[in-house]
Amino acid sequence: MCSSITDKTEVQNAVTISELSKFYGEFEALKHIDLEVTQGERVVVCGPSGSGKSTLIRCINGLETFQSGGLEIFGEAAGGKRNGKTDPRHKTGMVFQNFNLFPHMTVLDNCTLSPRKHKRGTRDKLDALALEVLDKVKIKDQADKYPSQLSGGQQQRVAIARALCMEPEILLFDEPTSALDPEMINEVLDVMVQVANEGNTMICVTHEMGFARKVADRVVFMDAGEIVEIAKPEDFFSTPKTDRAAEFLSQVL
Amino acid sequence: MSFFAILLGIFEGFRVTFSIVVVGLCYAVPFAFCFGILQYFSKGPLYVAVTAIIEFWRSSPVVILLFVFYYSLPAFGITMSAFTVGSLVLGLNTGGYASQAVRAALQSLDRGQYEAGVALGLPRFQILWSIELPQAVVSMVPTFINLWIQLIKGTALVSLITMVDMTARAKEIAQIEYNPVGIYSGLLLAYLIICYPVTIFGRWVEGRNSQEKRA
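**A word on the overall build of chain A**
When helices and strands are tallied, chain A shows 8 helices and 10 strands. For 253 residues, the compact-globule formula gives about 18 Å, and the C-alpha radius of gyration of chain A, at 18 Å, lands near that figure. Dimensions of chain A along its principal axes, counting C-alpha atoms only, are 50 × 40 × 40 Å. For chain A, the residues scored as buried account for 56% of the 253 residues in total.

**Observations concerning the interface of chain A and chain B**
Each side of the interface is counted separately: chain A has 23 residues, and chain B has 19 residues. Overall, the association of chain A and chain B removes approximately 1,900 Å² of surface from exposure, summing both partners, and the carbon and sulfur fraction of that is 65%. Three residues, Phe102, Pro103 and His104 of chain A, lead the burial of chain A against chain B; their summed loss comes to 27% of the area buried on that side. Connecting chain A to chain B are 1 salt bridge. Glu115 of chain B is paired through a salt bridge with Arg58 of chain A; the nearest N and O atoms lie 2.6 Å apart. Summed over the shared surface of chain A and chain B, the result is 7 residue pairs in polar contact (both at pLDDT 80 or more).

**A short note on the packing of helix α1 (residues 3–11) of chain B against helix α8 (residues 166–176) of chain B**
Residues and elements named next belong to chain B. Viewed as axis vectors pointing N to C, α1 and α8 meet at an angle of 135°, and their least axial separation amounts to 7 Å. Relative to α8, the element α1 lies oblique. The two elements α1 and α8 cross, and the hand of that crossing is right-handed. Between α1 and α8, the residues in contact are Ile6, Gly9, Ile10 and Phe11 and Met166, Arg169, Ala170 and Ile173, respectively. Its residues assigned to classes, the contact of α1 with α8 comprises 6 nonpolar, 1 polar and 1 charged.

**Regarding the sheet that holds strand β10 (residues 226–231) of chain A**
Adjacent strands of a sheet form backbone hydrogen bonds with each other and so pair up, either parallel or antiparallel. Residues and elements named next belong to chain A. With respect to topology, 6 strands assemble into an open sheet ordered β6-β7-β8-β3-β9-β10, the strand pairing being mixed. A single partner strand is all that each edge strand has here, and the edge strands are β6 (92–95) and β10. On average, adjacent strands in this sheet sit at an angle of 20° to one another, irrespective of strand direction. Bridging between strand β7 (residues 170–174) and strand β8 (residues 201–205) involves 5 bridges; their strand directions are parallel. Across the sheet, Leu171 pairs through a bridge with Met202, a residue of β8.

**Observations concerning the sheet that holds strand β5 (residues 76–77) of chain A**
Residue and element names in this part refer to chain A. Pairing in this open sheet of 4 strands is antiparallel, and the strands run β2-β1-β4-β5 from one edge to the other. This sheet does not close on itself; its edge strands, each paired only once, are β2 (27–38) and β5. By the bridge criterion, 8 bridges tie strand β1 (residues 13–24) to β2 in an arrangement that is antiparallel. Directly across from Phe23, in β2, lies its bridge partner Glu28.

**A look at the pattern of salt bridges**
Residue and element names in this part refer to chain A. Applying the stated criterion across every chain yields a total of 19 salt bridges over all chains. Taking the shortest distance from any N to any O, the salt bridge between Asp217 and Arg42 comes out at 3.2 Å. Of this pair, Asp217 sits in the loop between α6 (209–215) and β9 (218–223) while Arg42 sits in strand β3 (residues 42–46); the two residues are 175 residues apart in sequence, bridging distant segments of the chain. Residue classification places Asp217 among the partly exposed positions, given a relative accessible area of 23%. Exposure remark for Arg42: the relative accessible area of 18% places this residue in the buried category. In this structure, Asp109 engages Arg123 in a salt bridge whose closest nitrogen and oxygen atoms are separated by 2.7 Å. Taken as a pair, Asp109 in helix α2 (residues 107–117) and Arg123 in helix α3 (residues 123–136) lie far apart in primary sequence, 14 residues in all.

What counts as what
- Every chain's residues receive numbers from 1 upward, in the order its sequence appears when written.
- For this description, chains carry letters from A and ligands carry numbers from 1, given in the order in which they are written.
- Only residues with pLDDT of at least 70 get local features here, since the model is predicted, and only at 80 or more are side-chain atom pairs given and counted; chain-wide, interface and lining totals rely on the full set of residues.
- Just so you know, side-chain values use all the structure's heavy atoms and leave hydrogens and water out.
- Comment: elements are numbered from the N terminus, with helices defined as DSSP H or I runs of at least four residues and strands as E runs of at least two.
- When we talk radius of gyration, it's over C-alpha atoms, and the globule rule is simply 2.2 Å times the number of residues to the 0.38.
- Categorising residues by exposure relies on relative accessible area from a 1.4 Å probe, with only protein chains included: less than 20% of the type maximum marks a residue as buried, more than 50% marks it as exposed, and the intermediate range marks it as partly exposed.
- In this analysis, two residues are considered to be in contact whenever any of their non-hydrogen atoms come within 4.5 Å of each other.
- The term buried area denotes the loss of accessible surface (1.4 Å probe radius) that occurs when two parts are joined, taken as the sum for both partners.
- A pair is scored as a salt bridge if a Lys or Arg side-chain nitrogen falls within 4 Å of a carboxyl oxygen belonging to Asp or Glu.
- Pairing of N or O atoms within 3.5 Å defines a polar contact, subject to two protein rules: one partner must be a possible hydrogen donor and the other a possible acceptor, and residues neighboring in sequence count only if both atoms are side-chain atoms.
- Axis definition: a line fitted to C-alpha atoms, limited for helices to the stretch in contact. Angles are taken between N-to-C directions and run from 0 to 180 degrees.
- Note on angle classes: values under 35 degrees are labelled roughly parallel, values over 145 roughly antiparallel, values of 65 to 115 roughly perpendicular, and the remainder oblique.
- The crossing is said to be left-handed when, going from far helix to near helix, the turn is anticlockwise and less than a right angle, and right-handed when the turn is clockwise.
- For this classification, the nonpolar set comprises Ala, Val, Leu, Ile, Met, Phe, Trp, Tyr, Cys and Pro, the charged set comprises Asp, Glu, Lys and Arg, and every other residue, Gly included, is treated as polar.
- For two strands to count as paired, DSSP must find a minimum of two bridges between them.

From the geometry alone we can't say anything about function, so treat these as descriptive.
This is the structure in structure tokens:
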């Protein structure tokens, strides 16, 4: 029902979430979430804090378990927990709010860790690949530095490079600019726009409405654990259908 | 007997003291990592079992453990040499403490590190080995150095189970010659001489770690 807005019905679904519910004890963090994201689609998830948007993408990535409902990634069911190498969630890459770079490794090693451990190629080949990706996020010259030697914006760009080095089919962003100083937000957003324009499937939890306007195919508005509204960005920002969305927009815009 | 002669006499026990420390460390370090990591991961009955073993070694007085292992166990048909008992008991006692440093260091890591590992599709063991342990080891170092020094000092107790270490040598000299001031200050100095290099080593390691760039 949610994908009715997009007309690319022949395209495969990257993510299919149906009737997904998650509880923390008695508290229902996600209430019967239905969402379909097609391959190549860019979806921005927004909403007030505590609305469950981070929990939702963490469920997609297997960082959170859920109690009921279904989650499919490229048609393969993904259980409540990550399980082994066949888990379809290995197709997802994630960028965190707090970067979560590995402080004991150089920028380059941060990027090559996962491909190395998954034996995607020789060290030289993987280094070369990672340098290409680092070049793309404009931070190649810092490849031999440690994360703490970089600014927040640079660290987040490294984190994006690290996720890209997994060659994921779906990229998840969990408030990637929320921990950044204001002057560093744009350098990260520019990289995200660039990544989006390369046709990657992206699900971004963000408050950056400018980014949503620029690249999102759809905006998902969540409140109190529910999806309240799904709309194209131009419709969502000009004429939100629900009062809750209108109220939220009046606060962030 | 000159003070220097006393010191030389005491150091005749150095080989025993030193061997107990080295073999003790061979018990302590693997025990600390195995049980610290197990305690970090386990739940339910396994956690209780692991904790019970750690607490046994950590909470029992070393003197009593030495006596039990050396004098009581033979009654049940288990006989171990004084050296085995000394290094085992001192090593595992130290290991019990050190396991808590391992567990605490792992627990105090930012959870985001683990999550980043999961998000990169790494298996749990790989996350522990490549991401968690390298960072945790850095914060364990000061505790490990402290415990190492504790272990060295603790070896004085093996003189109670017939071993002729530095302390036993001092007592032997004390029986030949009445010079408590010279002999026991010589003994203190002897332990200081072997403990201080460990302190210096610890400072060197910590200095190296702090140079490494961390977020």
